[in-house]
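Listed below are the residues making up each chain.
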Amino acid sequence: MTGNAGEWQTVRKRRGAGKARRPQQGPGSSRRDEALDSQGIKERIQGAVDELRTAEFWDACKKLTRGCLMESLVTGAEEAGNMGAPGGAVVTSTEPDCPSPDPPSPAADYCAGAAVDCVCYGLGRFSSCASSRYQLALLLLLLESLQIPASRCYIYDPMFSNAEVGILEDFGMTVLTENEEGKWPAHRPTLFYLIHCGKALYNNLLWKNWSARSLSQLTVIGNSFRGIEERLLTRDLQRNYKYISDESQQVFNSRAQMLGIVREVPFPDSPRYLEIFNDTSIHCFPAERLRALPPELWDSPAEPDYQEDLEIIRAGEGGQRR
């Protein structure tokens with residue numbers, strides 16, 4: 001398999017997990033020193049936010065994310081019975097930004113974050129890793145732009161230190177305490193932020209939401225599904241990652257087909273942030289594609305059963321945080 005920088009970041013995160021447990025407070029430890037260190041980390045994060053905010057890269061990311069997220073917002077509004085007749089301006093809009101009709105429509109309220117969650121896995125040690133720090137900065141900008149309350153951003157990484165957990169909580173985020181291995185059920189439109197995570201994490205997420213209704217609620221920012229398919233042997237892909245495997249020739253008789261129903265848009269190219277966000281795409285699952293598939297496609301999806309180390313930190317490997 002030919003690797004890339006994103007996959008090597010995944011490996012580094014995985015290998016470093018055992019060294020990243022929360023530090024114990026020794027007799028000579030100073031809470032004041034820890035607070036000063038945290039303040040310095042916050043300042044570096046804010047510096048990354050300020051830098052990204054003025055970059056063309058951020059403007060492009062913002063428009064792409066809004067456009068993909070709108071797919072799930074419209075679907076959620078339709079299913080909740082909050083939208084007008086099918087074919088209205090909101091449903092047919094191709095603009096990347098959320099429409100703002102007058103008077104405001106329910107879809108505009110959705111765009112304001114009234115019913116959108118965000119879940120972030122695998123951010124890594126942002127206190128010591130510049131790439132993780134920029135990834136956190138982009139997440140903060142997305143929450144601000146999409147008006148998703150920070151308290152509805154649920155974040156987890158078993159590598160977080162005490163200080164890092166405190167910083168995230170200071171930002172208002174909800175730090176999860178248990179390792180869910182990516183198995184988060186989306187009950188409302190949800191933005192998943194999984195930059196350079198292991199393939200099993202994406203596979204678990206798709207399995208947990210393997211229905212037309214649930215998949216249509218997902219917007220996933222993470223490693224390119226198409227890139228995963230291109231780099232893996234077909235037998236390995238089908239054995240271990242069937243929910244992101246490409247079975248395009250058997251779309252009507254195989255539950256494993258995924259790439260045929262996902263809409264994937266690569267992140268914009270940027271030499272400045274190439275290593276940080278390489279191989280990253282935004283994925284959404286248009287409702288019209290999902291509804292066109294046969295009902296038996298969704299029958300009794302089997303939970304993934306991994307027989308080897310697949311770049312995922314299991315719940316029994318330090319997944320219970322406190």
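All figures in this text were calculated on a predicted structure; none of them were measured in a lab.

Caption draft 1: Structural view of unusual backbone geometry. Even without glycine at this site, Glu-181 takes up a positive phi of about 55 degrees. If you trace the backbone, Glu-181 turns up in the loop between strand E3 (174-175) and strand E4 (190-194). We classify Glu-181 as buried; its relative accessible area is 15%. One non-glycine residue with positive phi stands out, namely Asp-279, at about 60 degrees. Secondary-structure assignment places Asp-279 in the loop between helix H12 (274-277) and strand E7 (280-284).

Caption draft 2: Representation of the packing of aromatic side chains. Applying the stated rule across the entire model yields 9 aromatic pairs. With a centroid separation of 5.9 Å and 70 degrees between ring planes, the pair formed by Phe-57 and Phe-267 is classed as edge-to-face. Pair noted here: Phe-57 is in helix H3 (residues 56-79) and Phe-267 is in the loop between strand E6 (263-266) and H12, with a separation of 210 residues, a long-range link. Arranged with centres 5.2 Å apart and planes meeting at 40 degrees, the rings of Tyr-154 and Trp-184 form a pair that is tilted. Here Tyr-154 is found in strand E2 (residues 153-156), whereas its partner Trp-184 is found in the loop between E3 and E4, with 30 residues between them in sequence. For Trp-184, a relative accessible area of 13% puts it in the buried group.

Caption draft 3: Just the environment of Gly-198, in detail. In this fold, Gly-198 is placed in the loop between E4 and helix H8 (199-208). For Gly-198, a relative accessible area of 4% gives the class buried. A sequence separation of 24 residues divides Gly-198 from Gly-222, and the C-alpha atoms of the two residues are 9.9 Å apart.

Caption draft 4: Structural context of the nonpolar core. Grouped together as the largest cluster of nonpolar side chains are 48 residues, with contacts concentrated most on Phe-126, Leu-136, Leu-139, Ile-155, Met-173, Tyr-193 and Phe-277. It is helix H6 (residues 130-146) that contributes the most residues to this core, 10 residues altogether. Apart from residues lying up to four places away in sequence, Met-173 is in contact with Leu-136, Leu-139, Leu-140, Leu-143, Ala-150, Cys-153, Ile-155 and Leu-168. Counting 33 residues, the second largest nonpolar core, distinct from the first, contains Tyr-202, Val-220, Tyr-241 and Leu-290.

Caption draft 5: Representation of the pairing of strand E1 (residues 117-121) in the model. Within E1, 5 of the 5 residues are buried, which leaves the element mostly enclosed by the surrounding structure. Burial along E1 is two-sided: Asp-117, Val-119 and Tyr-121 and Cys-118 and Cys-120, pointing in opposite directions, are all buried. With 4 bridges connecting them, E1 and E2 associate as parallel partners. Among the inter-strand pairings, Tyr-121 is bridged to a residue of E2, identified as Tyr-156. At this point the chain moves from E1, through H6, to the parallel E2, and the crossover so formed is right-handed.

Caption draft 6: Main features of the pairing of E2. Along E2, one buried face is formed by Cys-153 and Ile-155 and the opposite face, lined by Tyr-154 and Tyr-156, is buried too. The parallel pair E2 and E3 is bridged by helix H7 (residues 162-170), and the resulting crossover is right-handed.

Caption draft 7: Region of interest: the sheet that holds E2. On the basis of which strands lie adjacent, the open sheet formed by 7 strands has the order E3-E2-E1-E4-E5-E7-E6 and mixed pairing. Strands at the two margins of the open sheet, each flanked by one partner only, are E3 and E6. Its contacts with the sheet put H6 on E1, E2, E4 and strand E5 (218-223), and the angle it makes with E4 is roughly 170 degrees. In this fold H8 packs onto E1, E4 and E5, with an angle of close to 170 degrees to the strand it touches most, E5.

Caption draft 8: View of the pattern of salt bridges. The final tally for this structure, using the stated rule, is 11 salt bridges. The salt bridge partner of Glu-144 is Arg-53, with a shortest N-O separation of 2.7 Å. Of this pair, Glu-144 sits in helix H6 while Arg-53 sits in helix H2 (residues 31-53), and the two are 91 residues apart along the sequence. Judged by relative accessible area, which is 48%, Glu-144 ranks as partly exposed.

Conventions adopted
- Residues numbered from 1 in each chain as written.
- Predicted model: local features only at pLDDT ≥ 70, side-chain atom pairs only at ≥ 80, totals over all residues.
- Heavy atoms only, no water.
- Helix = DSSP H or I, 4+ residues; strand = E, 2+ residues; numbered from the N terminus.
- Buried < 20%, exposed > 50% of the residue type's maximum accessible area, 1.4 Å probe, protein only.
- Phe/Tyr/Trp six-rings, centres within 6.5 Å; stacked < 30°, edge-to-face > 60°.
- Core = buried A, V, L, I, M, F, W, Y, C linked by side-chain atoms within 4.5 Å.
- Contact = heavy atoms within 4.5 Å.
- Pairing = 2+ DSSP bridges.
- Right-handed = clockwise from strand over helix to strand, strands pointing away.
- Axes fitted to C-alpha atoms, helices over the stretch in contact; angles between N-to-C directions.
- Salt bridge = Lys/Arg side-chain N within 4 Å of Asp/Glu carboxyl O.

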